[in-house]
Amino acid sequence: MRMGWQFPWVSAFNSDFNYDYHVSFSKDDLANSTATYNFTEISASADFTDTELPGLSAFYKDDAGNIFHTYSSYGRGPEE
């Protein structure tokens with residue numbers, strides 16, 4: 001519990017969330033030879049060895065239940 005922070009962690013596992021934020025790609029997406037990653041069109045044939053690339057997003061939920069997207073990091077950004 002670094003810095004005394006306490007908050008719930010939530011995973012995108014078993015959902016389509018990663019497709020919404022363009023870090024997971026279907027075989028059909030890759031067949032088109034380009035994909036959107038980190039807000040940029042990239043060559044799927046040259047840059048992809050799998051159907052997923054690194055990405056991390058952070059959100060904040062206020063007391064009223066509103067959810068805010070506060071931060072995203074792609075590529076090597078999520079490395080610890």
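For the structure itself, look to the data block above.
Quantities reported herein were computed from a predicted structural model and do not represent experimental measurements.

(A) Spotlight on the packing of aromatic side chains. Going through the model one piece at a time under the given rule, you end up with 6 aromatic pairs. Ring geometry for Phe17 against Phe59: centres 5.8 Å apart, planes inclined by 70 degrees, an arrangement best described as edge-to-face. You can see Phe17 sitting in helix H1 (residues 17–20) and its partner Phe59 sitting in strand E3 (residues 55–61), a full 42 residues away along the chain. Each ring, one from Tyr37 and one from Tyr74, has its centre 5.6 Å from the other, and the planes form 85 degrees; the classification is edge-to-face. Of the two residues, Tyr37 is situated in strand E1 (residues 34–37) and Tyr74 in strand E4 (residues 67–74); the sequence distance between them amounts to 37 residues. Residue class for Tyr37 comes out buried when judged on its relative accessible area of 11%. Note on Tyr74: relative accessible area 12%, which makes it buried. An aromatic cluster is defined as three or more aromatic residues linked by ring pairs; in this entry it consists of Phe17, Tyr21 and Phe59.

(B) Expanded view of the pairing of strand E2 (residues 40–43). Bridging between E1 and E2 involves 4 bridges; their strand directions are antiparallel. Across the sheet, residue Ala35 finds its bridge partner in E2, namely Ile42. In sequence, E1 turns back onto E2 through a hairpin of 2 residues, with Asn38 there showing a positive phi of about 55 degrees.

(C) Structural context of a nonpolar patch on the surface. Where nonpolar side chains cluster on the molecular surface, the patch consists of Met3, Trp5, Phe7 and Trp9 and spans about 580 Å² of accessible area. Position of Met3 relative to the elements: it lies in the segment before H1.

(D) Quick look at the side chain of Ser73. Turning to its location among the elements, Ser73 is positioned in strand E4. In contact with Ser73, not counting residues within four places along its chain, are Gly55, Leu56 and Pro78.

(E) Broad picture of unusual backbone geometry. Phi is positive for Asn14, which is not a glycine, with a value near 65 degrees. By secondary structure assignment, the location of Asn14 is in the segment before H1. Relative accessible area serves as the criterion here: at 74%, Asn14 is assigned to the exposed category. Although it is not a glycine, Phe39 sits at a positive phi angle of roughly 65 degrees. Within the secondary structure, Phe39 is located in the loop between E1 and E2. Here Phe39 falls in the exposed class, since its relative accessible area comes to 70%.

Calculation criteria
Residues numbered from 1 in each chain as written. Predicted model: local features only at pLDDT ≥ 70, side-chain atom pairs only at ≥ 80, totals over all residues. Heavy atoms only, no water. Phe/Tyr/Trp six-rings, centres within 6.5 Å; stacked < 30°, edge-to-face > 60°. Helix = DSSP H or I, 4+ residues; strand = E, 2+ residues; numbered from the N terminus. Buried < 20%, exposed > 50% of the residue type's maximum accessible area, 1.4 Å probe, protein only. Pairing = 2+ DSSP bridges. Patch = residues over 30% accessible without salt bridge, like charges linked within 9 Å, V, L, I, M, F, W, Y side chains within 5 Å. Areas by Shrake-Rupley, 256 points an atom, 1.4 Å probe, with all protein chains shown as cover. Salt bridge = Lys/Arg side-chain N within 4 Å of Asp/Glu carboxyl O. Contact = heavy atoms within 4.5 Å.

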